[in-house]
Amino acid sequence: MKNSLNLIVMLTHNDETVNNAHEIFEKCKNSDAKFWGFKEKSLPIEQMKNLYKYMKECGKTTFLEVVEYTEKEGLEGAKLALECSCDILMGTVFFDSINEFCKKNNLRYMPFVGKVTERPSILEGEIDEIIKEANEYLKKGVYGFDLLGYRYTGNAVELNERFVLEVNAPVCIAGSVNGYERLDELKNINPWSFTIGSAFFENKFDGSFEEQINKVCEYVKQ
């Protein structure tokens, strides 16, 4: 039986959290999406904590995606996720210190893999090496992976297909899912989850924010 393909709604545009994230969630909390998240920038921490608390009260699974590439900033992001009582930390370049912090604090960790740079992020590297790297992290106890498949400078479809097939862990295809063609590819590949943020803000799925969410949720179930 196929696993369900989960949409993570990211209240982010161009890899930064939008200022009216709480207002958008309020309007869309009864939509079909159960997974919600945003980035470590640029909301004040009290607003982040309040929004995550409210999301959890509404029965949502919560994600913080940290777009940072140094050990110090990644660890700060992990501490922020814990302070916000977030369910899952996505992003950061893998470091043992971040992984140990997450394990100690029961925070599920889904790091980036491959060479990730810039913001919005781009992903580089050989597919074989990216898969090998992921399987090494898996042995160290990470929960899953934040794969920037559609930000990849090589063959994105090949990377996504092979990664999901050869890495036995939850995989989130994150970033640049911006149309039905990519949803079709994801349905075929069947990762654990995928994110959409900017595409909803740019009305790529045609409708109000909530209508777009429900359209995508319905489409990936078909």
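Right above here is the structure, for reference.
Now for a look at the structure at hand. (Residues numbered from 1 in each chain as written. Predicted model: local features only at pLDDT ≥ 70, side-chain atom pairs only at ≥ 80, totals over all residues. Heavy atoms only, no water.)

What follows concerns the side chain of Ser31. By secondary structure assignment, the location of Ser31 is in the loop between helix H1 (21–28) and strand S4 (35–39). A polar contact of 2.8 Å, which involves the side chain of Ser31, links it to the backbone oxygen of Cys28. Those residues within four positions of Ser31 in sequence are excluded, and the remaining contacts are Trp36, Lys60, Glu210, Ile213 and Asn214. (Helix = DSSP H or I, 4+ residues; strand = E, 2+ residues; numbered from the N terminus. Polar contact = N/O pair within 3.5 Å; in protein donor to acceptor, adjacent residues only side chain to side chain. Contact = heavy atoms within 4.5 Å.)

Most of S4 is tucked away, with 5 of its 5 residues classed as buried. Going residue by residue along S4, you find Phe35, Gly37 and Lys39 tucked away on one face and Trp36 and Phe38 tucked away on the opposite face as well. Inspection of the sheet shows strand S1 (residues 6–10) paired to S4 by 3 bridges, in the parallel sense. The residue of S4 that forms the bridge with Met10 is Gly37. Sheet topology note: the S4/strand S5 (residues 61–66) ladder contains 5 bridges and is parallel. Among the inter-strand pairings, Lys39 is bridged to a residue of S5, identified as Glu65. Chirality of the crossover, the property in question, places the unit of S4, helix H2 (residues 45–57) and S5 among those that are right-handed. (Buried < 20%, exposed > 50% of the residue type's maximum accessible area, 1.4 Å probe, protein only. Pairing = 2+ DSSP bridges. Right-handed = clockwise from strand over helix to strand, strands pointing away.)

Core analysis: the biggest nonpolar cluster contains 78 residues, and Leu7, Leu11, Phe163, Phe194 and Ile213 have the highest contact counts within it. Setting aside residues up to four positions removed in sequence, Leu7 forms contacts with Ala33, Phe35, Phe194, Ile196, Phe200, Ile213, Val216 and Cys217. (Core = buried A, V, L, I, M, F, W, Y, C linked by side-chain atoms within 4.5 Å.)

Axes are the key here: two packed helices are described by the angle between their axes and the distance separating the axes. Packing of helix H6 (residues 156–166) against helix H7 (residues 180–189) leaves a shortest axis separation of 10 Å and a crossing angle of 25°. In this view, H6 runs roughly parallel relative to H7, as classed from their interaxial angle. Between H6 and H7 the crossing geometry is right-handed. Counted together, Val157, Asn160, Glu161 and Val164 of H6 and Glu185, Asn188 and Ile189 of H7 form the full contact between these two elements. Residues that form the contact of H6 with H7 fall into these classes: 3 nonpolar, 2 polar and 2 charged. (Axes fitted to C-alpha atoms, helices over the stretch in contact; angles between N-to-C directions. Parallel < 35°, antiparallel > 145°, perpendicular 65-115°, else oblique. Left-handed = near helix turned anticlockwise from the far one by under 90°. Nonpolar A, V, L, I, M, F, W, Y, C, P; charged D, E, K, R; others polar.)

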